[in-house]
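Given next are the chains, with one letter for each unit.
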Amino acid sequence: MNDKIQVISKYALDGNALKSAEALRMTAMAAKQTLESGSGAGNDFLGWLHLPSSIDEQLLQDIERSAAQLRSECEYVISIGIGGSYLGAKAVIEALSDHFAAYKSGNGPKVLFAGSNIGEDYLYDMMDLVRGHKFGIIVISKSGTTTEPGIAFRIFKDMLEKQEGKAFAQRNIVAVTDARRGALRGLATQEGYATYVIPDDVGGRFSVLTPVGLLPIAVAGFDIRALVAGAVEMEKEGDEQVMHYAIARNALYKNGKKIEVLANFSPRLHFIAEWWKQLYGESEGKGHKGIFPASVDFTTDLHSMGQMIQDGERTLFETVLSVGDQQHEVIIPRDEEDLDGLNYIAGKNVDYVNKMAELGTRLAHVDGGVPNLIITMPTVNERYLGQLIYFFEKACGVSGYILGVNPFDQPGVEAYKKNMFALLEKPGHEQATAQIKARLKN
Ligand code: PA5
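Residues numbered from 1 in each chain as written. Predicted model: local features only at pLDDT ≥ 70, side-chain atom pairs only at ≥ 80, totals over all residues. Heavy atoms only, no water.

Close to the ligand lie 13 residues; S85, S141, S143, T146 and Q278 are nearest. At a separation of 2.7 Å, an oxygen atom of the ligand approaches a polar backbone atom of K142. Measuring from an oxygen atom of the ligand, one finds a side-chain N or O atom of T146 at 2.5 Å. Here the ligand loses 86% of its free accessible area of 390 Å² to cover by the protein chains. Taken together, the residues of the shell around the ligand sort by class into one nonpolar, nine polar and three charged. (Near = heavy atom within 4 Å. Polar contact = N/O pair within 3.5 Å; in protein donor to acceptor, adjacent residues only side chain to side chain. Areas by Shrake-Rupley, 256 points an atom, 1.4 Å probe, with all protein chains shown as cover. Nonpolar A, V, L, I, M, F, W, Y, C, P; charged D, E, K, R; others polar.)

Among the nonpolar cores identified, the biggest contains 119 residues, and F156, Y245, F391 and F392 are the most heavily contacted of them. If one sorts the elements of this core by residue count, helix α15 (residues 382-403) sits on top with 13 residues. Domain assignment of the residues forming this core places at least three in each of domain 1 (6-39 + 236-403) and domain 2 (51-227). When neighbours within four sequence positions are excluded, F156 is seen to be in contact with I78, I80, A114, L123, M126, M127, V130, F135 and I137. Counting nine residues, the second-largest nonpolar core is a separate cluster that includes V261, A263, V296 and V370. (Core = buried A, V, L, I, M, F, W, Y, C linked by side-chain atoms within 4.5 Å. Buried < 20%, exposed > 50% of the residue type's maximum accessible area, 1.4 Å probe, protein only. Helix = DSSP H or I, 4+ residues; strand = E, 2+ residues; numbered from the N terminus. Domains from an automatic or database assignment. Contact = heavy atoms within 4.5 Å.)

Let us look at the domain arrangement of the protein chain. When the domains of the protein chain are assigned, the result is domain 1 (6-39 + 236-403) and domain 2 (51-227). Using only C-alpha atoms to locate each centre, domain 1 and domain 2 end up separated by 30 Å. At the boundary of domain 1 with domain 2, total buried surface from both sides reaches about 2,000 Å², with 66% on carbon and sulfur atoms. Counting across the interface, domain 1 meets domain 2 through one salt bridge. Of the charged contacts in the structure, one is a salt bridge between E282 and R205, with a shortest N-O distance of 3.0 Å. In this assembly, domain 1 and domain 2 are joined by six residue pairs in polar contact (both at pLDDT 80 or more). Of all the secondary-structure elements, those providing two or more residues to the side of domain 1 that touches domain 2 are α12 (270-284) and α15. (Buried area = accessible area lost by both parts, 1.4 Å probe. Salt bridge = Lys/Arg side-chain N within 4 Å of Asp/Glu carboxyl O.)

Inspection of the secondary structure assignment puts E161 in helix α6 (residues 147-164). Accessibility expressed as a relative area gives 18% for E161, which makes it buried. In this structure, E161 is in contact with K166, A169, E191 and Y193, ignoring residues within four places of it in sequence.

Next up on the list: the sheet that holds strand β9 (residues 316-325). Pairing between the strands of a sheet is mediated by backbone hydrogen bonds and can be parallel or antiparallel. A sheet is described by the order of its strands in space; here five strands give the open sequence β1-β10-β9-β7-β8, paired in mixed fashion. Each edge of the sheet is formed by a strand with only one pairing partner; in this case those strands are β1 (6-8) and β8 (292-297). The mean inter-strand angle of the sheet, taken between neighbouring strand axes irrespective of direction, is 25°. Of the pairings in the sheet, the one linking β9 to strand β10 (residues 372-379) comprises seven bridges and is parallel in character. Looking across to β10, one finds that E318 is bridged to N372. Across the sheet, helix α11 (residues 239-254) is in contact with β1, β7 (259-264), β9 and β10; its angle to β10 comes to roughly 155°. (Pairing = 2+ DSSP bridges. Axes fitted to C-alpha atoms, helices over the stretch in contact; angles between N-to-C directions.)

What follows deals with a negative patch on the surface. On the surface, D335, E336, E337 and D340 cluster together into a patch of negative charge. Along the chain, the position of D335 falls in the loop between β9 and α14 (350-367). (Patch = residues over 30% accessible without salt bridge, like charges linked within 9 Å, V, L, I, M, F, W, Y side chains within 5 Å. Lys, Arg positive; Asp, Glu negative; His and termini not counted. Charge placed at Lys NZ, Arg CZ, Asp CG, Glu CD.)

Okay, the packing of α11 against α15 next. Running from N to C, α11 and α15 point in directions that differ by 45°, and their axes come no closer than 9 Å. Here α11 is positioned oblique relative to α15, judged by the angle of their axes. As for how α11 packs across α15, the hand of that crossing is right-handed. Residue-level inspection shows D239, Q241, V242, M243, Y245, A246, R249, N250 and Y253 of α11 in contact with α15, the latter providing F391, F392, K394, A395, V398, S399, I402 and L403. Looking at the contact of α11 with α15, its residues break down into eleven nonpolar, three polar and three charged. (Parallel < 35°, antiparallel > 145°, perpendicular 65-115°, else oblique. Left-handed = near helix turned anticlockwise from the far one by under 90°.)

So, in structure tokens, the structure goes:
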């Protein structure tokens, strides 16, 4: 069996799309060269490109030590962050965890996530959960000034200090932020928190293999060394797969497929898709261009979005994350009466049925005019997730340059913030406040 993730495009590329893929080959090679030589737009944010192979032993040991500290004293660890300071850790932890870990007692603390929304009830419920329990905080913000994690950190820091005292809080709050800039750096220095640096040249959505992702993943009890080792494998030997994916998706885009739906048949991969949507959405959606990244969880969404995919407007293609082996086996029992008519699959394991659903869906969607790209993973573990992360990151860089955008900035995310700050009457935004008030009067 193959020991790396693989891209299969034979159900996606035919006719015009295949011709486009062939025509794109030179452009894609040039895009890869631009990325690797650091000669393209956004080239001051390429620190992720050789990150896996340059993570040093000392950093891994430090992260493991911080994780051990939090695991030794805390029942809950709240990881506070949003966007690139949230999704990577959430995706890896969800992918590796027992699906019902939240309801089971187990080894080590439960990792919770806050600061990724401004839901008052969400924060209230989390405060209610940790009240009276020992908890720690990992606060993650590259800029150190983002509103959502800022609010959550202020609330939980205050709660922790009042509940457990300043000394406990100081031991069990870790800040992950810029080396020098931002409010969080200043606060961490003043309070004496342990800190980790987000390198200047690694943007949020490319930062999961820095302490941004590695620390919460280690706190959750997973093997960050295997994760990094998997990423190193793709860094060193993944280019063929990277180019295959980057070319295929751009060929489909050129042929009117404006939406890429990342589909999985494993509930544990839901947040991998959320991470992927940020990576590709923020990297490519510029200058009124870009493939719109969407996602579905199958077979669940075959009973809802399946209709739209099979039969709606023909502007989408599907990329299926196809997993080889499950971690556990569950056999469907025989029933003497067979009132539900399921004895024809009695004795089979559940994943056999899932695999047939996956194959049947592929055939149906291809017949319905939805090209299917497939990314195969032997199983879901740290190593293959590391491979997948680096594969998607590099393919994203190449894809962005094929498309002709700067894949490493995100100017569009500032628009809502400007309006929100004006509406909140944040100091320094007086003129914008006056303008927005006048606009809302009309
Ligand atoms: O990818 C990005 O750059 C963004 O999504 C950021 O990660 C997100 O806005 C959070 O920013 P920060 O880490 O500065 O709080």
